[in-house]
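What follows is the residue order along each chain.
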Amino acid sequence: MRRVGAGCLLLLALAGCSRSLGTPDLGALYTRAAQADDRQRNPIIVIPGILGSRLREGPDGRVVWGAFESGAADVREPEGLRALALPIEAGQPLAALRDELIADRVLDRIRVQLFRLPLESRAYFRLLAALGAGGYRDQDLAGEVDYGGRHFTCFQFPYDWRRDIGENAAALADFIAAKRHYVEGEMRRRYGEVHPVRFDLVAHSMGGLVARHYLYYGREAPPAEGVPWRGAAGIERVVLIAPPNAGSLDALNRLVEGADYSWLLPHFEAGLLGTFPAIYQLLPRARHGALLENGQAADPLDPALWRRQRWGLLDPAQAPVLAALLPQHPDPAQHFALADEHLVKSLARAAAVQEALDRPAEPPPGLSLHLLVGDAVPTLARYRIGPAGALEAQHWSAGDGLVTRASALLDERADGHWRPRLRTPLPWDSVMFFQGEHLALMESPAFIDNLLYLLLEQPTP
């Protein structure tokens with residue numbers, strides 16, 4: 001295992017000395033590096049987390065996720081539920097259950113119409129703005145920002161975050177191949193030369209799992225054992241921001257109780273979210289004891305548990321949602337039979353994805369893996385199952401409000417066998433800890449400072 005480095009902010013309190021601390025002058029620190037020739041830096045691909053890509057009905061159709069204004073899909077209505085849910089069908093594998101939605105851009109902002117007033121939430125705006133300040137010109141903003149023809153150093157990878165992580169890793173492989181061809185063409189046109197193009201990946205939350213699956217297996221299915229690193233050849237640095245490498249209890253809560261993503265948005269029912277395979281793949285590992293039933297560790301991927309507790313798609317309270325999603329089947333009993341099959345398929349696929357991502361993996365030379373994570377917000381680390389299947393919070397630990405520090409590290413000491421040194425299958429080259437919540441930590445000047453140093457100044461092999 002590689003040596004783990006920890007970056008942090010250190011406040012010195014010296015007797016007799018009082019001095020206010022400011023924020024780093026990022027312009028003074030990185031302007032020269034940012035203005036270096038584009039050939040001196042790797043192009044970047046930004047991979048957002050779950051919910052972080054806009055979904056729409058075809059290239060010119062209605063926006064279903066990412067704009068909540070007049071004309072957008074309303075998940076409080078049957079038609080809106082069907083627009084966002086993935087299909088539920090008997091006898092079909094998850095990969096075959098498709099609809100017409102496409103992911104067409106990363107959500108730097110979410111626009112909401114409330115009481116006829118336009119409101120805006122900045123999602124990945126700060127991260128993308130910071131990369132722009134660091135000289136990474138965003139191709140997706142080329143029509144909005146004048147970069148003087150130089151806009152091939154940063155790309156956003158939008159993906160359908162409802163779908164399987166392995167599927168999205170395969171889509172990332174195709175995306176990288178297309179961007180490599182584009183960058184090589186631009187270099188040939190501008191400079192008359194081409195050298196081997198390597199990318200840096202900057203991935204947030206579930207995007208980090210998509211990135212890791214791509215690095216390990218490319219666009220292929222995982223082999224029976226081992227990690228072949230099929231996607232690593234064209235990648236130099238990988239920066240993972242708050243990835244739920246060991247899962248998150250927030251995923252379990254959403255699947256069981258539904259989700260309120262913001263006071264600006266309607267409630268998203270558990271029956272709707274239960275159609276998304278990706279959320280099951282974010283569930284915690286049984287070996288880490290994050291869920292207790294009758295005082296014993298329970299497996300969140302065990303279908304018998306979900307049937308016993310009547311959770312998620314099997315909750316009788318979700319009958320109206322299932323009726324809206326399955327109007328072609330008038331029998332409520334058939335609704336729950338189809339829901340049970342979909343649940344079993346989703347849990348089995350989640351187990352396969354988690355096993356593939358948890359394998360020990362020493363990367364090839366020239367590839368470095370960096371973790372930026374929050375550890376200053378109490379974060380739920382254990383549920384116990386109470387009466388009538390209710391989830392009762394039992395223990396909190398350091399994290400960012402959604403992902404614990406231990407999950408981001410994939411810290412195997414969480415299995416109860418603690419020792420001083422970190423034990424993880426992930427070969428971190430550096431680890432940096434920050435104050436901030438899951439999305440907001442990217443607004444921290446210290447976070448931006450460290451990210452730009454990694455991408456612009458840190459020496460590489």
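Not measured: the values here are computed from a predicted model. (Residues numbered from 1 in each chain as written. Predicted model: local features only at pLDDT ≥ 70, side-chain atom pairs only at ≥ 80, totals over all residues. Heavy atoms only, no water.)

A.B. asks: How would you summarise the sheet that holds strand 16 (residues 391-399) if you had to cite specific residues and measurements?
C.D. replies: Ordered by their spatial adjacency, four strands build an open sheet running 13-12-15-16, and the pairing between neighbours is mixed. Each edge of the sheet is formed by a strand with only one pairing partner; in this case those strands are strand 13 (296-297) and strand 16. Together, strand 12 (291-293), strand 15 (377-385) and strand 16 form the strand contacts of helix 6 (residues 249-257), whose direction differs from that of strand 15 by roughly 50 degrees. (Pairing = 2+ DSSP bridges. Helix = DSSP H or I, 4+ residues; strand = E, 2+ residues; numbered from the N terminus. Contact = heavy atoms within 4.5 Å. Axes fitted to C-alpha atoms, helices over the stretch in contact; angles between N-to-C directions.)

A.B. asks: Any chance you could break down the packing of aromatic side chains for me, citing the residues and the numbers?
C.D. replies: According to the stated counting rule, one finds eleven aromatic pairs in the structure shown. For the ring pair W65 and F268, a centre distance of 5.7 Å and an interplane angle of 75 degrees mean the geometry is edge-to-face. In this pair, W65 sits in strand 4 (residues 63-65) while F268 sits in the loop between helix 6 and helix 7 (270-273), placing the two residues 203 residues apart along the sequence. Of the two residues, W65 and F268, both sit in the buried class. Aromatic pair W306 and W311: ring centres 5.4 Å apart, planes at 85 degrees, arrangement edge-to-face. The same class applies to W306 and to W311, which are both buried. One aromatic cluster is present, built from ring pairs that chain together W65, W161, F268 and F276. For R405, the ring lying beneath its charged end belongs to F433, and the centroid distance is 4.2 Å. (Phe/Tyr/Trp six-rings, centres within 6.5 Å; stacked < 30°, edge-to-face > 60°. Buried < 20%, exposed > 50% of the residue type's maximum accessible area, 1.4 Å probe, protein only. Lys NZ or Arg CZ within 6 Å of the ring centre and 35° of its normal.)

A.B. asks: Report on the sheet that holds strand 6 (residues 101-106), specifying residues and quantitative values.
C.D. replies: Taken in spatial order, the three strands make up an open sheet running 4-3-6, and their pairing is antiparallel. Across the chains shown, the open sheet's two edge strands, defined by having one partner strand only, are strand 4 and strand 6. Within the sheet, the average angular offset between the axes of one strand and its neighbour, ignoring direction, is 40 degrees.

A.B. asks: Would you mind going over the nonpolar core in detail, with residue names and values included?
C.D. replies: Formed by 103 residues in total, the largest nonpolar core has its most connected members in I45, L84, L252 and W306. When sequence neighbours within four positions are dropped, the list of residues in contact with I45 reads F155, F157, L172, F175, I176, F199, D200, L201 and V202. Listed in part, the 25 residues of the second largest apolar core include V239, I241, L441 and L452. (Core = buried A, V, L, I, M, F, W, Y, C linked by side-chain atoms within 4.5 Å.)

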